Amino acid sequence: DALGDDRAVQFPSHTLNVQEMVYALYRVAGDRALGEVSFEPDPFIVGICGSWPRDARGARAEALGFPKDGGIDDIVAQFIEDYVDAPAAPTSEET
C-alpha cells in the first residue's frame, strides 16, 4: 500500500563530480599504491554519464525506508572492503 499505484522509486543518491570522487579515493585509500589518474574525457563514458539525471531526489524512497549511503568516503571504503581487501575466491583448480 505504501507504494500506491506508482511502483517507480528514485533511490537516494549523491551528486558528485569526478574530482570529488578522486579526492575521496586518495583520502580513503591510505597507503595503498594508486595508479595514475587522468582527466581525459572518454566520449563513450561521457555519453553514458550525460544521460543520467542531475540532482535527483530520493525523498519517496527515504519515506519508504530505503537508506541513503553515508557519503563518497563511505562508498569508496565499502568498495575497497568488498573488492580490494576481500580474499580472492578460489579458482576451479583450487577447489
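Above this text sits the structure in question.
In what follows, the accompanying structure is described.

## A closer look at unusual backbone geometry
Most peptide bonds take the trans form, and the phi angle of most residues other than glycine is negative. One non-glycine residue with positive phi stands out, namely D55, at about 50 degrees. Structurally, D55 is set in the loop between α2 (43-50) and α3 (59-63). The class for D55 is partly exposed, based on a relative accessible area of 46%.

## So, a nonpolar patch on the surface
A grouping of L16, V18, M21, Y26, L34, V37 and F39 is seen on the molecular surface, where their side chains present a nonpolar patch of about 600 Å² in accessible area. Relative to the helices and strands, L16 resides in the segment before α1 (18-28). Accessibility expressed as a relative area gives 33% for L16, which makes it partly exposed.

## Comments concerning the pattern of salt bridges
Per the counting criterion, the structure on display carries two salt bridges. Of the charged contacts, one joins R27 and D73 as a salt bridge, the two residues approaching to 2.5 Å between their closest N and O atoms. With R27 in helix α1 and D73 in helix α4 (residues 72-84), this residue pair connects regions lying 46 residues apart in the sequence. Exposure remark for D73: the relative accessible area of 27% places this residue in the partly exposed category. Of the charged contacts, one joins D85 and R32 as a salt bridge, the two residues approaching to 2.5 Å between their closest N and O atoms. One end of the pair, D85, is in the segment after α4; the other, R32, is in the loop between α1 and α2, and 53 residues separate them in sequence.

## Looking at the packing of aromatic side chains
Scanning all chains against the criterion turns up two aromatic pairs. With 4.9 Å between their ring centres and 35 degrees between their planes, F79 and Y83 make a pair best called tilted. One end of the pair is F79 and the other is Y83, both in helix α4 and four residues apart, which spans about a single turn. Residue class for Y83 comes out exposed when judged on its relative accessible area of 62%.

## Description of the environment of L25
With respect to the secondary-structure elements, L25 resides in helix α1. Of the residues examined, L25 reaches a relative accessible area of 28% and is grouped as partly exposed. L25 sits 13 residues away from P12 along the chain, and the two C-alpha atoms are 21 Å apart.

## So, the packing of α1 against α4
Direction vectors running N to C along α1 and α4 enclose 60 degrees, while the axes themselves pass 9 Å from each other. Classified by the angle their axes make, α1 and α4 are oblique. Regarding α1 and α4, the two cross each other, and that crossing is right-handed. In this structure, α1 contributes M21, A24, L25, R27 and V28 to the contact, and α4 contributes I72, D73, V76, A77 and I80.

What counts, and where the lines are drawn
- Residues numbered from 1 in each chain as written.
- Predicted model: local features only at pLDDT ≥ 70, side-chain atom pairs only at ≥ 80, totals over all residues.
- Heavy atoms only, no water.
- Helix = DSSP H or I, 4+ residues; strand = E, 2+ residues; numbered from the N terminus.
- Buried < 20%, exposed > 50% of the residue type's maximum accessible area, 1.4 Å probe, protein only.
- Patch = residues over 30% accessible without salt bridge, like charges linked within 9 Å, V, L, I, M, F, W, Y side chains within 5 Å.
- Areas by Shrake-Rupley, 256 points an atom, 1.4 Å probe, with all protein chains shown as cover.
- Salt bridge = Lys/Arg side-chain N within 4 Å of Asp/Glu carboxyl O.
- Phe/Tyr/Trp six-rings, centres within 6.5 Å; stacked < 30°, edge-to-face > 60°.
- Axes fitted to C-alpha atoms, helices over the stretch in contact; angles between N-to-C directions.
- Parallel < 35°, antiparallel > 145°, perpendicular 65-115°, else oblique.
- Left-handed = near helix turned anticlockwise from the far one by under 90°.
- Contact = heavy atoms within 4.5 Å.

Spatial relationships are all this shows, so hold off on functional conclusions.
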